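What follows is each chain in one-letter form.
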Amino acid sequence: FPSHDTVVWFDNNFKPRYVLMDDKMDLLDQILEACEKHDQILLASDPDREGEAIAWHIAQRIGDCRKPIKRVEFKEITKKGIQNGIKNPRDINISLFHSQEARRILDRIVGFMASPFLMNFFGPKLSAGRVQSVATKMIVDREQEINDFTPEEYWVLKSNLTADDKISFWAKYDPKVLVS
């Protein structure tokens, strides 16, 4: 359901448990009443993984109404945009839902646990924030390293040196010898 909290069970393979917040019970009752009056249910939340998760949660809560439940997307809130969304209902994209769920679980595990640690050492204004922000920065930084990399041919010189058949050792010239 759109307003819920997620509890992560560490001892059950990090499975999430969703809890409907008390202040949303009336809203759920209103949605269930509306479901009874119609032959088909169209869920129209934002066209992103958060919206997909909202649609999935609502579908789970109203599944007992035994009516077809479809997902619609409105790319724009205009007459044409709404008509186009309603003309193209689809099933809920479970991959998008799982993507949002994984991010939310990581937020709970990493973000919520790291934030108190960071606040303790660096002050109350610093928190770990969203895990996806950190992951995105790591990906962007790595991509920048790849883009900035200039391949160059070079040789490393290494030799096994022996003196008087008694002393033997390896010598290596560390700096790269560039081929020009």
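Structure: above.
Computed from a prediction, not measured in an experiment: that's the story for all the values here.

### Focus: the overall build of the protein
Assigned secondary structure in the protein consists of five helices and six strands. Element order for the protein, N to C, with α for helix and β for strand: β-β-α-β-α-β-α-α-α-β-β. The buried share among the 180 residues of the protein stands at 22%. Put simply, of all contacts in the protein between residues at least 6 apart along the chain, 50% involve residues at least 24 apart. Accessible surface, the protein as shown: approximately 13600 Å² in total, 56% of it carbon and sulfur.

### Here's the deal with a nonpolar patch on the surface
A cluster of nonpolar side chains, W155, L157 and Y173, forms an exposed patch at the surface whose accessible area comes to about 360 Å². Within the secondary structure, W155 sits in strand β5 (residues 154-163).

### Observations regarding the environment of C35
Mapped onto the fold, C35 is located in helix α1 (residues 25-36). With sequence-adjacent residues up to four places away left out, C35 is seen in contact with I41, I62, C65 and K67.

### What about the packing of aromatic side chains?
Under the counting rule described, the total for this entry stands at one aromatic pair. Over the aromatic face of W170 sits the side chain of K158, whose NZ or CZ is 5.6 Å from the ring centroid.

So, how was this worked out
Sequence order as written defines the numbering, with residues in each chain counted from 1. Local features in a predicted model are, by the rule used here, given only for residues with pLDDT of at least 70; side-chain atom pairs are given and counted only at 80 or more, and totals for whole chains, interfaces and linings are based on all residues. Heavy atoms from the whole structure form the basis of all side-chain values; hydrogens and water molecules are not counted. Only DSSP runs of H or I covering at least 4 residues are called helices, and only runs of E covering at least 2 are called strands; the numbering of each starts at the N terminus. Relative accessibility under 20% of the residue-type maximum defines a buried residue, over 50% an exposed one, and the middle range a partly exposed one, all with a 1.4 Å probe and only protein chains included. Contacts are assigned to residue pairs with any non-hydrogen atoms lying within 4.5 Å of each other. Accessible surface is estimated by sampling points in the Shrake-Rupley manner with a 1.4 Å probe; for residues, cover comes only from the protein chains shown. Here, patches come from residues exposed beyond 30% relative accessible area and free of salt bridges, joined within 9 Å for like charges and within 5 Å for nonpolar side chains (Val, Leu, Ile, Met, Phe, Trp, Tyr). We define a salt bridge as a contact between a side-chain nitrogen of Lys or Arg and a carboxyl oxygen of Asp or Glu at a distance within 4 Å. Whether two aromatic rings pair depends on their centres lying within 6.5 Å, for rings of Phe, Tyr and Trp, where Trp uses its six-membered ring; planes under 30 degrees apart make the pair stacked, over 60 edge-to-face, and the rest tilted. Whether a charge sits over a ring comes down to the Lys NZ or Arg CZ being within 6 Å of the ring centre and within 35 degrees of the ring normal.

Nothing here speaks to function; it is all geometry.
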